[in-house]
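# Analysis of the macromolecular model
The chain contents come next:
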Amino acid sequence: IASYRPLSTLVVIDRQTNKIVWKIDDVSIGQHNVQILPAGVPGTGHMLLFDNGYNSVGANPRHQEVLPNSSAVEVDPLTGKAKWRVPLMDFQHWSAVMTTGGGLVFTGKETGEFIALDIDTGQQLWKFQTGSGINAQPITFTHKGRQMVSVLSGVGGLYWNTMRERLKDHVAPGGSVWTFALVEE
């Protein structure tokens, strides 16, 4: 999968022939972290992505509307339509997503909330304030037979350098690892 932000285009390229085998336009304005949902997960074959459209307003003449700073989006590649779109307000979204076989989507916000979304509806099911911005990839693993989810919290990197003045009164610097056990069904 390749994502070309200025043109709001997603493409799938055959790695053996380097030819575009699928393309969709106008899914999003400033998409990143595109992933295809794997087999065994609700929504198999759909795409999850983040739309940091706010910064791209005006960059693409097709899009002049003002949107939330970021949205999480699930796209059905057969129709090219968003199945759901969840605004993630305040600041641009720099975390990645991680999905579970049980239908949860985990991600973090720049304001420090680590959240779980329902993969079918995009509804937020849970959140936890970590104390600093999250711009890392959540991971999952098993410990003593229990599924765990971990994420790094600690605003930094390029985004902190470019947005320091805007973030300084809203997001504390820091550095920590948070690990959670998923509730057994």
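An account of the accompanying structure is given in this report. Just so you know, these numbers come straight off a predicted model, no measurement behind them. (Residues numbered from 1 in each chain as written. Predicted model: local features only at pLDDT ≥ 70, side-chain atom pairs only at ≥ 80, totals over all residues. Heavy atoms only, no water.)

## Details of the sheet that holds strand E12 (residues 139–143)
To keep it simple, the criterion reads: By this definition, two strands are paired if DSSP reports at least two bridges between them. For helices the rule is a DSSP run of H or I covering at least 4 residues; for strands it is a run of E covering at least 2, with both sets numbered from the N terminus onward. Axis definition: a line fitted to C-alpha atoms, limited for helices to the stretch in contact. Angles are taken between N-to-C directions and run from 0 to 180 degrees.
Read across the open sheet, the 3 strands follow the order E12-E13-E14; overall the sheet is antiparallel. Bordering the open sheet on either side are E12 and strand E14 (176–181), each of which pairs with just one other strand. On average, adjacent strands in this sheet sit at an angle of 30° to one another, irrespective of strand direction. As paired elements, strand E13 (residues 146–153) and E14 share 6 bridges and run antiparallel to each other. Within E14, the residue paired with Leu 152 across the bridge is Val 177.

## Remarks on the pattern of salt bridges
Here is the rule we go by: Should a side-chain nitrogen of Lys or Arg be within 4 Å of a carboxyl oxygen of Asp or Glu, the pair is scored as a salt bridge. Throughout this description, buried means an accessible area under 20% of the type-specific maximum (1.4 Å probe, protein chains only), exposed means over 50%, and partly exposed covers the range between.
The final tally for this structure, using the stated rule, is 2 salt bridges. Ionic pairing is found between Glu 74 and Lys 83, a salt bridge with its closest N-O pair at 4.0 Å. Among the residues examined, Glu 74 registers a relative accessible area of 0% and is labelled buried. Under the relative-accessibility criterion, Lys 83 is labelled partly exposed at 40%. Residues participating in the shared-partner salt-bridge network are Glu 74, Lys 83 and Asp 120.

## Re the nonpolar core
Filter applied, for reference: For our purposes a nonpolar core is just a set of buried Ala, Val, Leu, Ile, Met, Phe, Trp, Tyr and Cys residues, chained together by side-chain atoms within 4.5 Å. Contacts: residue pairs with any heavy atoms within 4.5 Å of one another.
By size, the foremost hydrophobic cluster in this structure holds 13 residues, and its most contacted members are Leu 48, Ala 72, Trp 84, Leu 88, Val 105 and Leu 117. Among the elements of the structure, strand E5 (47–51), strand E7 (81–87) and strand E10 (113–118) are those that each provide at least two residues to this core. When sequence neighbours within four positions are dropped, the list of residues in contact with Val 105 reads Leu 48, Val 97, Met 98, Thr 99, Ile 115, Ala 116, Leu 117 and Ile 119.

## Section: the pairing of E10
With 5 of its 6 residues buried, E10 lies for the most part within the structure. Of the pairings in the sheet, the one linking strand E9 (residues 104–108) to E10 comprises 5 bridges and is antiparallel in character. Looking across to E10, one finds that Thr 107 is bridged to Ile 115. In textbook terms, the turn of a hairpin is the stretch between consecutive antiparallel strands, and for E9 and E10 this stretch comprises 4 residues, one of which, Gly 112, has a positive phi near 100°. Bridging between E10 and strand E11 (residues 124–129) involves 5 bridges; their strand directions are antiparallel. For Glu 113, the partnering residue across the bridge sits in E11 and is Gln 129. From the end of E10 to the start of E11, which pair antiparallel, there are 5 residues, and Gly 122 there has a positive phi angle of about 80°.

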